[in-house]
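So the chains spell out like this:
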Amino acid sequence: VSGGVGDAWYDYLNRRANAYTAAWKVCNVPSALYFDYRFMPERPSAQGGAEMAAGQRFGAETLKRANDGLASAKPAMSAFAARLAELELKRSAFEAVDLLAMAHHQSALNAIADRWNGAGDGVIAKALSDFREAKGLLGKACGLFAECAKGYEANQYYFGFVRNWSVPEIENKIRVYSELAK
């Protein structure tokens, strides 16, 4: 791939690397925990925190910008490269929404940690807002993932993880913390 199209692919792949480097470098826990929302702390600690949510948000925004650049180069690509770009754009759009959901989830947990650390009850409203936003974004991410996984949906961990685990957990947290907000 040469010229502007090659530059677009290089920029896209470089931005993807930057997005995930920012999203995952901030927490000093084993990397396996990054992929499981259950282990993100709800208490004050060096783990999690605003830096993690900011890294996830930055990752989501960086992936979106990467997509914009690759999409703008698609008309100049060969049919094969354009098809590959289309698949990458779908996957990256899903990943950006999923990272944004993680950022909201982490922000909610950070607010809960702040409350346990002595902040006033007002932080509960922020936590509830972020939990609701995370839940909505997970629904959107599932739709985008379905586009990426056409024909493979039944075998995908992501759907089961979100529908059977993450969403019910978030709904439970909304219920519990709504009671505290009364």
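Structure: above.
Attention here is on the structure that accompanies the text. For every chain, the first residue of the written sequence is number 1, and numbering continues from 1 onward in sequence order. In view of the model being predicted, local features appear only for residues whose pLDDT reaches at least 70, and side-chain atom pairs are presented and counted only at 80 or more, with totals across whole chains, interfaces and linings using the full set of residues. The side-chain numbers reported here are obtained from all heavy atoms of the structure, hydrogens and water having been left aside.

1. Notes on the nonpolar core
Side-chain atoms within 4.5 Å link the members of a nonpolar core, which is a set of buried Ala, Val, Leu, Ile, Met, Phe, Trp, Tyr and Cys residues. Throughout, exposure labels follow a simple rule: accessible area from a 1.4 Å probe, protein chains only, divided by the maximum for the residue type, with under 20% read as buried, over 50% as exposed, and the rest as partly exposed. Grouped together as the largest cluster of nonpolar side chains are 26 residues, with contacts concentrated most on Phe131, Leu138, Tyr158 and Val162. For this core, the secondary structure elements donating two or more residues are α3 (79-116), α4 (122-148) and α5 (157-181). Strands are runs of DSSP state E lasting at least 2 residues, helices are runs of H or I lasting at least 4, and numbering of each runs from the N terminus. The element contributing the most residues to this core is α4, with ten residues. The residues contacting Tyr158, other than those within four sequence positions of it, are Phe94, Asp98, Leu138, Ala141, Cys142 and Phe145. Grouped together as the second largest cluster of nonpolar side chains are twelve residues, Tyr12, Ala73, Ala81 and Ala85 included. We call two residues in contact whenever any of their non-hydrogen atoms come within 4.5 Å of each other.

2. Here's the deal with the side chain of Thr62
Residue position: Thr62 is located in helix α2 (residues 49-73). Not counting chain neighbours up to four residues away, the residues in contact with Thr62 comprise Arg15 and Ala19.

3. A short note on the pattern of salt bridges
Salt bridge criterion: a side-chain nitrogen from Lys or Arg within 4 Å of a carboxyl oxygen from Asp or Glu. Counted according to the given criterion, the structure contains nine salt bridges. As a salt-bridge pair, Asp11 and Arg15 come within 3.0 Å of each other at their nearest N and O atoms. Of this pair, Asp11 and Arg15 are both found in helix α1 (residues 3-24), four residues apart, which corresponds to roughly one turn of the helix. Since its relative accessible area comes to 29%, Asp11 is described here as partly exposed. Across the salt bridge formed by Asp130 and Lys126, the nearest N and O atoms sit 2.4 Å from each other. In this pair, Asp130 and Lys126 are both assigned in helix α4, four residues apart and thus about one turn of the helix distant. On the basis of relative accessible area, Lys126 is assigned to the partly exposed category, the value being 45%.

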